[in-house]
Structures are given as C-alpha cells and as structure tokens.
Amino acid sequence: MSDDTIRVLQHYRHDLMNRLQIVQGYLGMGKADKAEDKLSETLRHYNEERKLMSLNMPAFMLWIIGFNHSYENFRLTYKINSEHRDLRNLDSILLERCQYIVGICKDVLDSQILYDTKLELEISADSPIKATLLIESESNESVQEIDAIKNRNESLEIDIDNTADGIIFGFSVPCQ
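We now turn to the structure provided with this report. (Residues numbered from 1 in each chain as written. Predicted model: local features only at pLDDT ≥ 70, side-chain atom pairs only at ≥ 80, totals over all residues. Heavy atoms only, no water.)

**A short note on the packing of helix α1 (residues 3-28) against helix α2 (residues 32-53)**
Rules: A fitted line through C-alpha atoms serves as each axis, taken over the contacting stretch for helices, and the angle formed by two N-to-C directions is quoted from 0 to 180°. Strands here mean DSSP runs of E at least two residues long; helices mean DSSP runs of H or I at least four residues long; both are numbered from the N terminus. Working rule for angles: under 35 degrees goes down as roughly parallel, over 145 as roughly antiparallel, 65 to 115 as roughly perpendicular, anything else as oblique. Put simply, a crossing is left-handed when the front helix is turned counterclockwise from the back one by less than a right angle, and right-handed when it is turned clockwise. The contact rule is simple, with two residues in contact once any of their heavy atoms fall within 4.5 Å. Residues are grouped as follows: Ala, Val, Leu, Ile, Met, Phe, Trp, Tyr, Cys and Pro are nonpolar; Asp, Glu, Lys and Arg are charged; every other residue, Gly included, is polar.
Running from N to C, α1 and α2 cross one another at 155°; their axes reach a closest spacing of 7 Å. Relative to α2, the element α1 lies roughly antiparallel. For the pair α1 and α2, the sense of crossing is left-handed. On α2, the residues that touch Tyr12, Leu16, Arg19, Ile22, Val23, Tyr26 and Leu27 of α1 are Ala32, Lys34, Ala35, Lys38, Leu39, Thr42, His45, Tyr46 and Glu49. Split into classes, the residues belonging to the contact of α1 with α2 amount to 10 nonpolar, two polar and four charged.

In structure tokens form, the structure reads like this:
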C-alpha cells in the first residue's frame, strides 16, 4: 500500500471519529435534535461516498476522499447523480481535469480565503459524464483573477463562468 493511500486512510478515520464524537457530544448535552441532524448529515455524506465508490475510479476516489486534507484553503463537498457504472477507463481523465482546475484556482486565488468547493457529476447511460465544479467565495473575485483563470484554460475544453455564487467550471467526458 502506498504512503499516499495510508495517509488518506488515516485522515479518513480521523474525520469519521470527529463526526461520531460530535454526535456523542450533542447526546451528552441532551441535544438529541442536534445529534440527529448531525447523524443525518453524516449518513448523507457516506451515501454520496458509496455512490462515488461504485463508479470504480480508484485514483479519482482517493483524490476526492483526501481533498480536504490536501488543499488548505479549499473544502470539498460532492454529489454523484449516477446509475451504477464501471468508469475505470475514465478514472485518469476525470482526475486530471479536476486536478487541473483546482491547481489553477490554487495558483490564482487568494490563499488566505477558505473556498467552499462543490463538485457534481451527472452520469447516465450512453451520455457523456457532465462535471461541474463550483468554487464559492463570499467576495466576488476580481476580473483580473477570473481572466487569469480563463487564460490558463489552454487545451482542455472547460467552460468557465463567473457568477454571484462563485466560479463555475464545467466539462464533459465522453463515455468510451
């Protein structure tokens, strides 16, 4: 097992223990409603993770699971809209595009701001995978930063749009 995989598993276990300790803390304070809300949130998270794992994209899955520990000022949540699919042949393509986008944002955006990052994958039979990555921020990024991001978008077919919610990156990956 690689050192990266071991590191991801250690962080994964740490995160799970934190979630359970929060539920336990709420129960200890007699706040059953808050504990139930946190438990429901945790179950939703692990249901999304189950869908992620069912795609059979191990490199992409490890990157997603380790994301929040790998990027200091980005926090990722994700949603998988999918039928069960074996997408092993698209693993490296999806990983490279997402890493490319986050790499550009890491280089260009303010390292002192925490950016909520939302990834959504739309996967259906015989259609290209549609990926949307939203980098949210409380303050609108300057036109210069957006232009720098757009200028770095060299060869990949990635749509970039600046909205009131943040910067939205969209791309499709054909199913082969």
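**Things to note about helix α4 (residues 91-108)**
Spelled out, the test is: Expected span of a helix, by definition, is 1.5 Å for each gap between consecutive residues, and there is one gap fewer than residues. With a 1.4 Å probe rolled over the protein chains alone, any residue whose accessible area is under 20% of its type maximum counts as buried; one over 50% counts as exposed, and the rest are partly exposed.
When the terminal C-alpha atoms of α4 are compared, their 26 Å separation across 18 residues agrees well with the 26 Å that a helix rising 1.5 Å per residue should span. Residues of α4 that are buried: Asp91, Leu94, Leu95, Arg97, Cys98, Ile101, Val102, Ile104, Cys105 and Val108.

**Quick word on the nonpolar core**
Nonpolar side chains tend toward joint burial in soluble globular proteins. Rules: What makes a nonpolar core is a set of buried Ala, Val, Leu, Ile, Met, Phe, Trp, Tyr and Cys residues whose side-chain atoms join them at distances within 4.5 Å.
Membership of the largest hydrophobic core comes to 42 residues, with the highest contact counts inside it found for Phe60, Trp63, Leu119, Leu121, Ile149 and Phe169. Those elements that place two or more of their residues in this core are α3 (58-70), β1 (74-82), α4, β2 (115-123), β3 (129-136), α5 (143-152) and β5 (166-173). Residues within four places of Leu119 in sequence aside, it is in contact with Phe60, Ile64, Leu76, Thr77, Tyr78, Lys79, Cys98, Thr132 and Leu133.

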